[in-house]
Amino acid sequence: MNNEAEIKTDSKYSLWIFLSLLFASSLFMVCWFGPLSAYAGHDYFFNIGRFNVLIDALKSGDYPIYVDYNALEGYGYFTKGFYPDLIILPFAALGILTGTIAAYNVMIFTMTFLCGLFTYIAVNKVFRNAFVASASAILYTFSAYHLFDWYNRAALGESLSFTFLPVIFLGLYHIIKGDYRKWYLLTIGYSLLIYTHLLSSFITFIILALIVVLCYKPLVKEPKRTGYLALAAIITLPIVSSYILTLLEQMSSNTFYYSIKENITGQTKLDWQDLGWGFLSGILYPKTENMAGTGPVLILLVLLRLFIKEKGSSVRIADFCLLIGIILLVIASAVFPWGRLPLGFIQFPWRLYEFIIFFFAISGAYYLSVIVRTKKQKITAGSVIILFTLITFVVNNNNYKYWQSLAFSEAPHWFTGIASVDNEYYLGGLEYLPVKMPSHHYIHERGDIIISEKQEAIVSGFTRKEGITSFDVKTSNPDKLELPLIYYKGYQAAYRGEKKGIPVTESENGLVQIEASVSGRIEVVYTWTATQQYSWYISILSTIGLIIYIFISKHKRSNANK
């Protein structure tokens, strides 16, 4: 009994030490990198814009909102439909009180801390080893590539996705090898990931499929596990329907620029030199290319496998993680035929670093725990990891500021913080403009005007207010009017005071087009489609249902154990 009490006390002590280190490191990271606006990363202003749209929508009570009415000089951009905002919503709400920049920094701190916490919990559930859990959480959470995502790229969606991978893979572990009654962890983690970043969700799906194929034996041996895997997938679908169905509706209603973009994956896959620099990230960076990778510590830790002679289930799990990491590293490299595969939407094969680092951190931390046995050795090893983490902060910060200063000197118009035609309105490549639109320059050149097809209708009193575009039209014959609004499915138009709507179509230039049959004042507004409205109900009810199921199942297990 005394030994059990000592183990529990030691475990709690280790957890509190880890939480303290994680909190301090997360806070130091945010403070050390300083105000992001001074060295804005690639997508920083785009994501700040998303924050501001949410803040305004929450203030006015218009959430959920789909169209950013202020984007593209008032033409509007369907931001929310293509970029989910559920995860950043609480921080946008905080931004009402603190301002956008402060709320953004609180988000980075909070999600970084949660990333480390979730990783600790997941790894500790599998290995029952606080040292392995702590080391892997620090290595993964503060990896050079994660910092690169947060700051150099300011890739908000991908940065946030780090937080949910541990939950997803813990759920899959329970289904394949652990307590399959906890299948819902996979559903929760994957649903949150989809609401965070679609590309990461796709890559995760492929990796999940790979793991399932390699671990088919337990699933075949116990068909129940396959059933719970299917259940996790099925329940995920209605929970994420508010985003997925909205996305599919827009994608099926029109053709957008993302579908005709060049497949650059073949140009961005990693050659041997890139891999080499990636292994040095956090210590050294090339001055000719802005990039990051695994970092040297992870490589050194996984190489400890050469000195491990022990056998057992924990070693096999660590080895499996190492194998998955190596497979993904090979896939990200020039060996894999990226350019010949229809995977252009992934854009950058080095997105796989997120997953490579996750699996290497777990395997490397376990191998280290086998080498360092005594408490003193573990403290020393842990101190070295923390020291390297601090060094990575400093070196990565210097690299971040170097590249952003260089970018500013070469193209200062990208750092004004004011959206304009010269910086593509800070809309991330404008991939979700209809292909009928000649270019974003066309918007600027066209101006804020309404064009009559027959040049007979006279338009006056044009205004935009709170998402409503209105104007007076005077005409004796039916005439088609092209409005300064990007066409997305969901726009409706009507004469003021009349319930009957005016047909809305897409013009030859990818803009909203209506037919004015008589004189009067016309109002045009984006309204929820039936798909958007009902998918929200489905998601909310499905989420409530899952919560009730989890509560009841836990209550039953608790009663059964009494």
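The preceding data block contains the structure.
Because the structure is predicted, anything quoted here is derived from the model rather than measured.

(A) How the structure looks around the overall build of the protein. In terms of helices and strands, the protein carries 22 helices and nine strands. What you see for the protein is a C-alpha radius of gyration of 26 Å, in line with the 24 Å of a compact globule of 562 residues. If you line up the protein on its principal axes, its C-alpha atoms span 90 × 60 × 50 Å. Put simply, the protein has 562 residues, and 52% of those count as buried. Taking the intrachain contacts of the protein between residues at least 6 apart in sequence as the baseline, contacts between residues at least 24 apart amount to 75%. With the model as given, the accessible surface of the protein reaches about 26100 Å², and the carbon-plus-sulfur share is 64%. Within the protein, one finds 45 positive and 38 negative side-chain charges whose respective centroids are separated by 16 Å.

(B) Highlighting the sheet that holds strand β8 (residues 511-516). Across the sheet, four strands lie side by side as β1-β4-β8-β7; this open sheet has antiparallel pairing. The open sheet has two edge strands, β1 (451-452) and β7 (504-506), and neither has a second partner. Inspection of the sheet shows β1 paired to strand β4 (residues 479-486) by two bridges, in the antiparallel sense. Paired with I451 across the bridge in β4 is E482.

(C) Up close: helix α10 (residues 184-194). Among the 11 residues in α10, nine count as buried, and that is most of the element. Listing the buried residues of α10 in full gives Y184, L185, L186, T187, G189, Y190, S191, L193 and I194. On its buried face, α10 is in contact with α8 (156-161), α9 (165-176), α11 (198-214), α13 (223-239), α14 (241-253) and α22 (530-560).

(D) Region of the structure containing the pattern of salt bridges. Under the counting rule described, the total for this entry stands at 12 salt bridges. Between R153 and E158 there is a salt bridge, and its shortest N-O distance comes to 3.2 Å. When sorted by exposure, R153 lands in the same class as E158, which is buried. Between D179 and R181 there is a salt bridge, and its shortest N-O distance comes to 3.0 Å. Taking relative accessible area as the criterion, D179 reaches 22% and is therefore assigned partly exposed. Through salt bridges with shared partners, a single ionic network connects D149, R153, E158 and R351.

(E) Highlighting helix α7 (residues 144-152). Where burial is concerned, most of α7 is hidden: nine out of the nine residues are buried. Turning to α7, its buried residues are A144, Y145, H146, L147, F148, D149, W150, Y151 and N152. Just downstream of α7 lies A154, where phi reads positive at about 50 degrees.

(F) Representation of the packing of helix α5 (residues 100-127) against helix α6 (residues 130-141) within the structure. With their axes 8 Å apart at the nearest point, α5 and α6 run at an angle of 145 degrees to one another. Helix-helix and strand crossings are classified by hand; for α5 and α6 the assignment is right-handed. On the side of α5, the interface is formed by T112, C115, G116, T119, Y120, V123, N124 and F127, while α6 contributes A130, V132, A133, S134, S136, A137, Y140 and T141. In terms of residue class, the contact of α5 with α6 is built from nine nonpolar, seven polar and no charged.

(G) Just the nonpolar core, in detail. Core analysis: the largest hydrophobic core is formed by 175 residues, its most contacted members being M29, L72, M107, Y151, F359, I514 and I522. Ignoring any residue separated from it by four or fewer positions in sequence, one finds Y151 in contact with M29, V30, F33, L36, G41, I108 and Y400.

(H) A look at the sheet that holds strand β2 (residues 458-465). Strand order across the open sheet formed by five strands is β2-β3-β9-β5-β6, with antiparallel pairing between neighbours. With one partner strand each, in any of the chains shown, β2 and β6 (501-502) form the two edges of the open sheet. As paired elements, strand β5 (residues 491-495) and strand β9 (residues 520-526) share five bridges and run antiparallel to each other. Looking across to β9, one finds that A494 is bridged to E523.

The rules behind these values
- Residues numbered from 1 in each chain as written.
- Predicted model: local features only at pLDDT ≥ 70, side-chain atom pairs only at ≥ 80, totals over all residues.
- Heavy atoms only, no water.
- Helix = DSSP H or I, 4+ residues; strand = E, 2+ residues; numbered from the N terminus.
- Rg over C-alpha atoms; globule rule 2.2 N^0.38 Å.
- Buried < 20%, exposed > 50% of the residue type's maximum accessible area, 1.4 Å probe, protein only.
- Contact = heavy atoms within 4.5 Å.
- Areas by Shrake-Rupley, 256 points an atom, 1.4 Å probe, with all protein chains shown as cover.
- Lys, Arg positive; Asp, Glu negative; His and termini not counted.
- Charge placed at Lys NZ, Arg CZ, Asp CG, Glu CD.
- Pairing = 2+ DSSP bridges.
- Salt bridge = Lys/Arg side-chain N within 4 Å of Asp/Glu carboxyl O.
- Axes fitted to C-alpha atoms, helices over the stretch in contact; angles between N-to-C directions.
- Left-handed = near helix turned anticlockwise from the far one by under 90°.
- Nonpolar A, V, L, I, M, F, W, Y, C, P; charged D, E, K, R; others polar.
- Core = buried A, V, L, I, M, F, W, Y, C linked by side-chain atoms within 4.5 Å.

Shape is all these values report; function is a separate question.
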